[in-house]
Amino acid sequence: MDKIVFRKPKLLNDTPMHYCPGCTHGIVHRLIAEALEELGDTDNVIGIAPVGCAVFAYNYFTCDMFQAAHGRAPSVATGVKRANPNSTVFVYQGDGDLASIGMAEIVHAATRGENITVIFINNGIYGMTGGQMAPTTLPGQKTTTSQSGRNPLEHGNPIKICEMLSTLTGPAYIARTSVHDVKAVRATREAIKKGFKMQREKKGFSLIEILSTCPTNFHMSPVAALEYAKTAGCEAYPLGVYKDVEQSNEVKGK
Ligand SMILES: Cc1ncc(C[n+]2csc(CCOP(=O)(O)OP(=O)(O)O)c2C)c(N)n1
Ligand code: SF4
């Protein structure tokens, strides 16, 4: 009999994903599903989808899903988790959604220490609406609204969400990872697992920021976009654990 060495996780269905070729949203969906399955947590999970390219995330996960208005996912998750404290609740948000219109919601959910897990996709751009500048766009990065490259004097500096939220008392676990290569993808799965583990142990708010790519709006091949995330992305946004209440000595980036 053939031995199965690779299969789709239980939390993903067979619906073909709508993402562009080379987009990393699909990789992260899979990592969430794998992490929950490895923790044996597939029957009582509720996800909150964002506005942005991942707006249709509810089509791909087999768990219960809500779709929140732009930026409001952490608030919706707050209600869902408080009403269902024994469910595992995750929020999935892009950087336009979380760090722009939803900045108030994420800061307040974090400082309240809501017992939810936030998966934050930092691809440095508004993907769905055609590649406008996001709060996380790198200095010098060209977007449709910063055509000569982001100029901090004119457009402001990028917002570093992990650094900022880790100053708050509420969060239990804050980490930044990437999906630019296999090693980074594996580390991301472990960080996601840790976030869910913290939630199951009722330790409070967890957020995993994942450096991601949007080859379509970067105007790059998928491989070049991954290289950009590995080099310019990781330089501007150092990977690492920014807060972990289980560790006495916190590591601030690497
Ligand atoms: C209240 C409101 N304002 C603006 C929009 C338009 N809008 C839809 S998606 C989006 C940007 C999404 O970017 P991001 O969150 O980075 O996700 P990505 O598409 O890159 O995955 C914007 C501005 C909206 N749907 N609702
Ligand atoms: S526009 Fe960008 S973020 Fe959106 S699906 Fe395409 S590659 Fe992914």
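Structure: see above.
Residue positions are given per chain, counting from 1 as you read along its sequence in written order. Naming scheme: in the order in which they are written, chains are lettered from A and ligands are numbered from 1. With pLDDT at 70 or above as the cut-off, local features in this predicted model cover only qualifying residues; side-chain atom pairs require 80 or more to be listed or tallied, and sums for whole chains, interfaces and linings still use all residues. No hydrogens and no water enter the side-chain calculation; it runs on all heavy atoms of the structure.

(A) Spotlight on the site of ligand 1. Throughout, near means a residue has at least one heavy atom within 4 Å of the molecule or strand. Taken together, 16 residues sit near ligand 1, with H25, D95, G96, D97 and G127 positioned nearest. For this analysis, a polar contact is any N or O atom pair within 3.5 Å, provided that within protein one partner can donate a hydrogen and the other can accept it, and provided that sequence-adjacent residues contribute only side-chain to side-chain pairs. Here an oxygen atom of ligand 1 sits 2.8 Å away from a polar atom, N or O, in the side chain of H25. In this structure, G127 approaches ligand 1 through a main-chain N or O atom, which is 2.8 Å from an oxygen atom. For ligand 1, whose accessible area on its own is 590 Å², the fraction buried by protein is 72%. Cavities and pockets are defined on a 1 Å grid built over the protein atoms alone: a cavity is a set of grid points where a 1.4 Å probe fits but cannot escape, while a pocket is an open set with protein on both sides within 12 Å along at least five of seven lines, and lining residues are those with an atom within 4 Å of any such point. Whether a molecule sits in a cavity or pocket is decided by its atoms, more than half of which must lie within 2 Å of the grid points. In a pocket analysis with a 2 Å cut-off to the grid points, ligand 1 is assigned to the second largest pocket. Elements supplying a minimum of two residues to the shell around ligand 1: α3 (95–101) and β5 (125–126). Put simply, Ala, Val, Leu, Ile, Met, Phe, Trp, Tyr, Cys and Pro go in the nonpolar bin, Asp, Glu, Lys and Arg in the charged bin, and everything else, Gly too, in the polar bin. Tallied by class, residues from the shell around ligand 1 come to six nonpolar, eight polar and two charged. In this description, accessible areas are obtained by the Shrake-Rupley approach with a 1.4 Å probe, and a residue is regarded as covered only by the protein chains that are shown. Each helix corresponds to a stretch of at least 4 residues labelled H or I by DSSP, and each strand to a stretch of at least 2 residues labelled E; elements are numbered beginning at the N terminus.

(B) Structural detail: the pairing of strand β4 (residues 117–122). Where burial is concerned, most of β4 is hidden: six out of the six residues are buried. Using a 1.4 Å probe on the protein chains alone, a residue whose accessible area is under 20% of its type maximum counts as buried, one over 50% counts as exposed, and one in between counts as partly exposed. Neither face of β4 is left uncovered, since the one carrying T117, I119 and I121 and the one carrying V118, F120 and N122 both have all their residues buried. By this definition, two strands are paired if DSSP reports at least two bridges between them. Pairing between strand β3 (residues 88–94) and β4: five bridges, direction parallel. Bridge pairing in β4 links Q93 to F120.

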